[in-house]
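# Observations on the model geometry
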Amino acid sequence: MKKISILFIILIQYLNVSAQEIGLKSEGLNLSLSARGQLTTLSNPVSGKNYLAMGEKAPLLKIRVGDNWYEPTDANFKSGIISLIYLPVKITVQVKVIQKKTHLTFELIKIDANDKVNAVIWGPYPTVISKTIGEVVGVVRDGEYAIGIQALNPKTLGGVLKNSEGSVETTGSRGSAAIAQPYGSSLQAFSLDRSEDRKLTVWGRPEMPVKAIPNETTVGSKIALFGSAEPQVLSRIGAIEVAEGLPHALINGVWFKQSPETGRAYLISDFDEKTVDAMLDYTQQAGLASLYHEGPFQSWGHFILDPKSFPMALPV
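What counts and what doesn't
- Residues numbered from 1 in each chain as written.
- Predicted model: local features only at pLDDT ≥ 70, side-chain atom pairs only at ≥ 80, totals over all residues.
- Heavy atoms only, no water.
- Core = buried A, V, L, I, M, F, W, Y, C linked by side-chain atoms within 4.5 Å.
- Buried < 20%, exposed > 50% of the residue type's maximum accessible area, 1.4 Å probe, protein only.
- Contact = heavy atoms within 4.5 Å.
- Salt bridge = Lys/Arg side-chain N within 4 Å of Asp/Glu carboxyl O.
- Helix = DSSP H or I, 4+ residues; strand = E, 2+ residues; numbered from the N terminus.
- Pairing = 2+ DSSP bridges.
- Axes fitted to C-alpha atoms, helices over the stretch in contact; angles between N-to-C directions.
- 1 Å grid on protein atoms, 1.4 Å probe; cavity = no way out; pocket = protein on both sides within 12 Å on 5 of 7 lines; lining within 4 Å.
- Points joined across faces, edges and corners; volume = space filled by probe spheres on them.
- Nonpolar A, V, L, I, M, F, W, Y, C, P; charged D, E, K, R; others polar.

In terms of nonpolar packing, the biggest core is built from 43 residues, with Leu61, Ile63, Val93, Phe106 and Tyr125 touching the most fellow members. The contact partners of Phe106, leaving out residues within four places of it in the chain, are Leu24, Leu31, Leu60, Val95, Lys96, Val97, Trp122, Ser221, Lys222, Ile223 and Leu225. Counting residues in hydrophobic clusters, the runner-up holds nine residues, among them Ala224, Val233, Ile240 and Trp255.

Next comes the structure, spelled out in structure tokens:
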């Protein structure tokens with residue numbers, strides 16, 4: 001009888017833990033979140049393989065108060081809203097979740113102490129994938145499967161927050177939405193509160209005044225997470241753009257990132273008003289896509305055409 005009682009208690013404890021986990025699904029990605037707001041699963045629905053790097057922290061959302069970062073201590077899910085609680089600073093955050101066919105979206109919709117939170121980080125989300133790291137596009141691939149993160153609005157930047165200005169470029173790299181890690185890779189994005197005047201170090205210049213953008217807080221920050229077979233990654237990103245109402249430029253009806261037109265050769269020439277017509281004729285005769293001038297401006301700041309080459313151009 002005593003042995004049965006112990007087994008019953010263990011079973012109840014297991015069921016309680018399982019009930020507290022939040023499970024989210026899209027066509028290509030299953031994601032689970034613990035009762036403490038940490039990711040526990042990033043899996044391929046087809047193979048069932050979990051690509052989350054176990055033993056690494058994986059908070060859904062970190063917040064910064066002052067100079068200190070905090071991870072959630074509790075999480076609950078109701079009516080499409082994940083409430084994250086940060087007990088050390090007594091702050092509750094609400095994240096709206098939508099489970100779509102192609103991806104999952106997470107949108108920060110409320111902070112009960114918004115004036116205290118000056119930055120947020122989505123993630124970092126650690127994965128065991130290390131073969132191909134798309135640092136700019138925010139996609140990691142292992143040859144068969146891929147997991148990606150996409151920023152869905154201008155206030156959300158894909159990358160590692162390394163400085164007060166919010167620049168995501170890193171030494172020797174073009175971006176950091178996805179970066180290599182000892183365990184594989186990580187995906188991350190962030191948002192800054194820009195609603196107050198600031199003095200920042202910008203491009204190595206200290207105490208540069210940066211004017212406030214009214215009401216530009218971290219609320220509204222939004223990302224997509226997705227998974228797909230590796231050959232379908234680019235198509236999946238295009239589908240996310242369409243689903244989220246983002247710019248989706250077409251060339252002859254084909255998304256420009258998949259159009260062969262974007263890879264066509266072009267002619268580079270230092271043309272001026274007297275020679276431009278002839279150079280356009282040469283471009284057409286050669287079957288090239290376009291004519292390119294590498295230095296047409298007198299000023300790159302205001303983009304004023306050089307009057308020596310374009311004397312007839314009217315100032316804008």
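Now, onward.
Next up on the list: the pattern of salt bridges. Scanning the entire structure with this criterion turns up eight salt bridges. Close ionic contact of Glu27 with Arg236 constitutes a salt bridge, the shortest N to O distance being 3.2 Å. In this pair, Glu27 is assigned in the loop between strand 1 (22-25) and strand 2 (30-33) and Arg236 in helix 2 (residues 233-243), connecting sequence segments 209 residues apart. A salt bridge links Arg174 to Glu135; the shortest N-O distance between them is 3.7 Å. Taken together, the residues span a long stretch of sequence, with Arg174 in the loop between strand 14 (157-158) and strand 15 (178-181) and Glu135 in the loop between strand 11 (132-134) and strand 12 (139-141) at a distance of 39 residues. One connected set of salt bridges, linked through shared partners, spans Glu27, Lys101 and Arg236.

Read across the sheet, three strands follow the order 1-2-3 without closing on themselves; strand pairing throughout is antiparallel. Either end of the sheet is taken by a strand with one partner, and the two such strands are strand 1 and strand 3 (39-43). For this sheet the average axis-to-axis angle between neighbouring strands, irrespective of direction, equals 10°.

The next point concerns the layout of surface pockets. Considered as a void within the structure, the largest pocket measures approximately 460 Å³ in volume. Those elements that place two or more of their residues in the lining of the largest pocket are strand 13 (145-151), strand 14 and helix 2. Here the residues of the lining of the largest pocket are counted per class, giving eleven nonpolar, six polar and three charged.

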